[in-house]
Amino acid sequence: MANNQKKKLTPVQQEYQKLAKKHEPPRPVFKNCLRAFIAGGGVCIVGQLLQDMYMKWVGLPEDQASTATVASLILLSVIFTSLGVYDKFGQWAGAGSAVPVTGFANSMASAAIEHRSEGMVLGVGGKMFKLAGSVIVFGTVAAVIIALLHLLFNPNIAGGGS
Amino acid sequence: MRKGHQSWVFERKPVIQSTATVVGPFEGRGPLGKDFDVIHGESTLNQDSWEKAEKMLIEEAAQLAIDKSGLTKEQIQFFIAGDLMNQIVSTSFAARTLGMPYLGVFGACSTSMESLALGSLLVNAGAATDVLVGTCSHNSAVEKQFRYPTEYGSQKPPTAQYTVTGAGAAVISEQGEGPIVTSATIGRVVDMGVTDPFNMGAAMAPAAVDTIQAHFRDLQITPDHYDLIVTGDLAKVGHGIVCDLLEKHRIPVDLAKYWDCGMMIYDYDKQMVQAGGSGCACCAVVTYGHLLNRMKKGEFNRILVVATGALLSPLSYQQGETIPCIAHAVSIERGNISG
């Protein structure tokens, strides 16, 4: 893809892009990775603490406690999004804030807030999945592929059919 | 009036009678805060959408520029302005409120100087005695249209720029007191194949250099004619590239006298703006507020303002198109300012 685009450029454009590249401050990859690790890990620790609390104090069995944990993290993310904090956390944390379920909730809540001015139906309803939609589509496609692979290579299922 | 291929020299010396700048709270906290006429405490301007807030910005700036000029809006014949929103609605809706004969222009972030050049042209040609020009942009409205929802937690690369929330307007008159507009060079569209909308500085820099070069060629002057050459919103990345390109093309600009509005409006240490400021309002509020104030104090006699614009749409870059860019230059002189 990148090569294809380069081929279409004229020699002058290519020369310019070389010059421009020199002035482009590089993305701080190591710093970003470190921050993503800390922030993403932090979100997971909060999740684990919540799950333990639901199991110990509320008395929920493990599977129900994990569902309650996901719901709580989504709620927290939506609250921080509406308070205008999550986008600042996102700039600092990068993938650390985008990958956990809180990032997914943020993408929906932020789109819903942003398009509120265009009405409930076409604004909030229609545009809420502007960013989250592709996550759902490709998440589902990936799940189908993985399920097929699982079916093909899992000896228990393959062997247990007879 | 036309000189060279793409420049106008204004012999009748249109006067910038008055200017007005209105900005949001973030710009107010920046190093140029004291140069702005109105600093809003809320970036929503107490409106229920970002788009309405942007319309308010240009309405306020236009009204204030009219009031400061001592004229009434009936005495001003034309309103020339534009913005970044689809179908330039903010400006057109403000023109509805003002009720003045209106020409909407689109030059993306170069609109500030495009409107100033056209306004000065009308006055110089005798097609008008007084013209109101201006432009506006709103950070959140632009983010919403061109990028992601404002509250979405995405990480911006260090080349990204922060759109200025604000509006700048000016009244250009045949007679009066104030800085004068002496010439303008209209740029052509330059596309160097940059596709990254998070690196506008690199996309726009060649357009700025092209217009600067054309200006000196058409007017047959050398860069030392000006006390200051300033680009609109190239920020750190684009500024560095322009410095390199000027040297490469052997345009003898004293680099200490070449600034960029996008690097002046925010405090890099305290404000998280990545490479610097951008947006229609960036060049407008820095020029009409800060630079003309300093000119009135006598710090500069002649400046060349080169406003740069990226002529892309959210659709065009999603379809993989490169970013065409433009720059318009206007030279402003101290003129007959008393004191």
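Residues numbered from 1 in each chain as written. Chains lettered and ligands numbered in written order. Predicted model: local features only at pLDDT ≥ 70, side-chain atom pairs only at ≥ 80, totals over all residues. Heavy atoms only, no water.

If you look chain B up in an unreviewed UniProt entry, it shows as Stage V sporulation protein AD from Laceyella sediminis.

Going by an unreviewed UniProt entry, chain A carries the name Stage V sporulation protein AC and comes from Laceyella sediminis.

Draft legend 1. Looking closely at the UniProt feature "transmembrane region" (unreviewed entry) in chain A. Mapped onto this numbering, the UniProt entry annotates "transmembrane region" (unreviewed entry) at residues 32–50, 65–86 and 131–153 of chain A. Within the segment residues 65–86 of chain A, helix and strand shares are 86% and 0% respectively, and the terminal C-alpha atoms sit 25 Å apart. (UniProt positions renumbered as here; feature names shortened; annotations may be inferred. Helix = DSSP H or I, 4+ residues; strand = E, 2+ residues; numbered from the N terminus.)

Draft legend 2. Representation of unusual backbone geometry in the model. Residue and element names in this part refer to chain B. Even without a glycine there, the phi angle at Q87 is positive, about 55°. Positive phi values are uncommon outside glycine, yet A108 reaches one of about 50°. In this structure, A108 sits in the loop between β6 (102–104) and α4 (111–124). Take A108: its relative accessible area is 0%, and that puts it in the buried class. (Buried < 20%, exposed > 50% of the residue type's maximum accessible area, 1.4 Å probe, protein only.)

Draft legend 3. How the structure looks around the interface of chain A and chain B. If you look at the interface, chain A gives 37 residues, while chain B gives 36 residues. Interface area for chain A against chain B, summed over the two sides, is near 2,800 Å², with a carbon-plus-sulfur share of 56%. Counting the surface chain A buries against chain B, the share from its top three residues, Y16(A), Q91(A) and E114(A), is 26%. Counting every contact that joins chain A to chain B gives 16 residue pairs in polar contact (both at pLDDT 80 or more). Every element with two or more residues in the side of chain A that touches chain B is listed here: α2 (11–23), α5 (86–93) and α7 (101–114) of chain A. Here the side of chain A that touches chain B takes nine residues from α2(A), the largest share from any one element. Grouping the constituent residues of the side of chain A that touches chain B by class yields 13 nonpolar, 16 polar and eight charged. (Contact = heavy atoms within 4.5 Å. Buried area = accessible area lost by both parts, 1.4 Å probe. Polar contact = N/O pair within 3.5 Å; in protein donor to acceptor, adjacent residues only side chain to side chain. Nonpolar A, V, L, I, M, F, W, Y, C, P; charged D, E, K, R; others polar.)

Draft legend 4. Representation of helix α7 (residues 235–248) of chain B in the model. Spanning 14 residues, α7(B) covers 20 Å between terminal C-alpha atoms, matching the ideal 20 Å at 1.5 Å per step. Across the 14 residues that make up α7(B), a large majority, ten, are buried. Within the sequence span of α7(B), burial applies to A235(B), V237(B), G238(B), H239(B), G240(B), I241(B), V242(B), C243(B), L245(B) and L246(B). Those residues of α7(B) hidden inside the fold are in contact with α2 of chain A together with β8 (161–163), α6 (200–219), β12 (258–260), α8 (261–264) and β13 (276–278) of chain B. At the exit of α7(B) stands R250(B), carrying a positive phi of roughly 55°. (Expected span 1.5 Å × (residues − 1).)

Draft legend 5. Looking closely at the pattern of salt bridges. According to the stated counting rule, one finds 16 salt bridges over all chains in the structure shown. Its salt-bridge partner being R12(B), residue E174(B) comes within 2.8 Å of it at the nearest N-O pair. Within this pair, whereas E174(B) is found in the loop between β9 (166–173) and β10 (180–185), its partner R12(B) is found in the loop between β2 (7–9) and β3 (15–23), the two being separated by 162 residues in sequence. Where R188(B) meets D210(B), a salt bridge forms, and the shortest distance between an N and an O atom there is 2.8 Å. Here the residue R188(B) occupies a position in the loop between β10 and α6, and D210(B) occupies one in helix α6, the gap between them amounting to 22 residues. When salt bridges with common partners are traced through the structure, they connect E118(A), K127(A), E51(B) and K144(B) into a single cluster. (Salt bridge = Lys/Arg side-chain N within 4 Å of Asp/Glu carboxyl O.)

Draft legend 6. View of the packing of helix α2 (residues 50–69) of chain B against helix α5 (residues 139–146) of chain B. Residues and elements named next belong to chain B. One can describe the packing of α2 onto α5 by two numbers: an axis separation of 8 Å at closest approach and a directional angle of 135°. As summarised for this structure, α2 and α5 are arranged oblique, according to the angle between their axes. In this structure, α2 crosses over α5, and the sense of that crossing is left-handed. For the pair formed by α2 and α5, the contact residues are W50, E51 and E54 on the first element and S140, A141 and K144 on the second. Of the residues belonging to the contact of α2 with α5, the class tally is two nonpolar, one polar and three charged. (Axes fitted to C-alpha atoms, helices over the stretch in contact; angles between N-to-C directions. Parallel < 35°, antiparallel > 145°, perpendicular 65-115°, else oblique. Left-handed = near helix turned anticlockwise from the far one by under 90°.)

Draft legend 7. A look at the environment of L152(A). Residue and element names in this part refer to chain A. Turning to its location among the elements, L152 is positioned in helix α9 (residues 132–153). We classify L152 as exposed; its relative accessible area is 62%. Considering only alpha carbons, one finds L152 and P26, 126 residues apart in sequence, at a separation of 43 Å.

Draft legend 8. A look at the packing of aromatic side chains. All names here are of chain B. With the rule as written, the count across this model stands at nine aromatic pairs over all chains. Each ring, one from F79 and one from Y102, has its centre 5.7 Å from the other, and the planes form 35°; the classification is tilted. Placement of F79 in strand β5 (residues 78–83) and of Y102 in strand β6 is noted, with a sequence separation of 23 residues between them. Exposure remark for Y102: the relative accessible area of 27% places this residue in the partly exposed category. These aromatic residues form a ring-pair network of at least three members: F26, Y162 and Y266. (Phe/Tyr/Trp six-rings, centres within 6.5 Å; stacked < 30°, edge-to-face > 60°.)

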